[in-house]
Amino acid sequence: PALASYQYEVESAESSVTAARGRFDPNLSLTGTSFKYQDTNYDQEFGIQSTNDVDWWSANTSLSGDVFTGTNYSLSSSMSVITNSAYESEFFGKTEMTDDLFSSGLDLSISQNLLEGLKTSYNMQNITRAVGSFEAAEVGLKSQRQQTLSDASNAYWMWVYQVELQQIKQASVEVSEE
């Protein structure tokens, strides 16, 4: 049971190291939107029917994170397309007009807090503590393993000693009975 307990402490400390390092993992985000709209109007006075079809979609991507110096970074891109088709029907025929609008963007942002990063050890302190706890847990596990082996060895030799002692006593009783 004690050995299993120490093994659990090592696994727990190892997961703490992973969690502490996770602070510096990048974050990737991808979003998309689509929109479709249709509008129909009828002007009774002039006998004109108009229809608007609007199709719109956009996609956005961003990558952001922190580095151990305290610097924050963000890189994002976006793209959108809007298609607007207008139809009008009147006495003299049908007219159609289509507008396409395309837009895109790319942004890069890097920021550094004034005192953060002055010493990288400050930013890395959670990782350093977690690694120290992990190493201490590994040493504790090795120590407990050695203690368990020592206890098992001592128990075995104590048993051998007791068996031989019992044999000596038995031989002594047989000699005294003769």
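Predicted model, so just to flag it, every value in this text is computed and none were measured.

(A) Molecular detail of the pairing of strand 1 (residues 27-43). In this structure, strand 1 lies alongside strand 2 (residues 48-66), joined through 17 bridges in antiparallel fashion. Following the sheet pairing, Ser-29 is matched in strand 2 by Ser-62. Two successive antiparallel strands, strand 1 and strand 2, enclose a turn made up of four residues, where Gly-47 displays a positive phi of approximately 70 degrees.

(B) Spatial organisation of the confidence of the model for the protein. Scored by pLDDT, the protein comes out at a mean of 88, with 97% of its residues at no less than 70. Ranking the helices and strands of the protein by mean pLDDT puts helix 3 (residues 125-177) first, with 92, and helix 2 (residues 120-123) last, with 76.

(C) Summary view of helix 3. Between its terminal C-alpha atoms helix 3 stretches 77 Å, which fits the 78 Å expected from 53 residues at 1.5 Å a residue. Turning to helix 3, its buried residues are Ile-127, Ala-130, Phe-134, Ala-137, Gly-140, Leu-141, Gln-144 and Val-160. Among the structural elements, helix 1 (2-21) are those in contact with the buried residues of helix 3.

(D) Fine view of the side chain of Ser-80. Mapped onto the fold, Ser-80 is located in strand 3 (residues 71-90). Overall, the relative accessible area of 15% leaves Ser-80 in the buried class. A polar atom in the side chain of Ser-80 sits 2.7 Å from the side chain of Ser-103.

(E) Spatial organisation of the pairing of strand 2. For strand 2 and strand 3, the ladder comprises 18 bridges, and the chain directions are antiparallel. Along strand 3, the bridge assignment pairs Thr-51 with Tyr-87. Taking the residues between adjacent antiparallel strands as the criterion, strand 2 and strand 3 are bridged by four residues, where Gly-70 takes a positive phi near 95 degrees.

(F) Molecular detail of the pattern of salt bridges. The tally for this structure, following the rule as stated, stands at one salt bridge. A salt bridge links Asp-55 to Lys-36; the shortest N-O distance between them is 3.0 Å. Separated by 19 residues along the polypeptide, Asp-55 in strand 2 and Lys-36 in strand 1 bring together distant segments of the chain. For Asp-55, a relative accessible area of 31% gives the class partly exposed.

Rules and cut-offs
- Residues numbered from 1 in each chain as written.
- Predicted model: local features only at pLDDT ≥ 70, side-chain atom pairs only at ≥ 80, totals over all residues.
- Heavy atoms only, no water.
- Pairing = 2+ DSSP bridges.
- Helix = DSSP H or I, 4+ residues; strand = E, 2+ residues; numbered from the N terminus.
- pLDDT = per-residue confidence, 0-100.
- Expected span 1.5 Å × (residues − 1).
- Buried < 20%, exposed > 50% of the residue type's maximum accessible area, 1.4 Å probe, protein only.
- Contact = heavy atoms within 4.5 Å.
- Polar contact = N/O pair within 3.5 Å; in protein donor to acceptor, adjacent residues only side chain to side chain.
- Salt bridge = Lys/Arg side-chain N within 4 Å of Asp/Glu carboxyl O.

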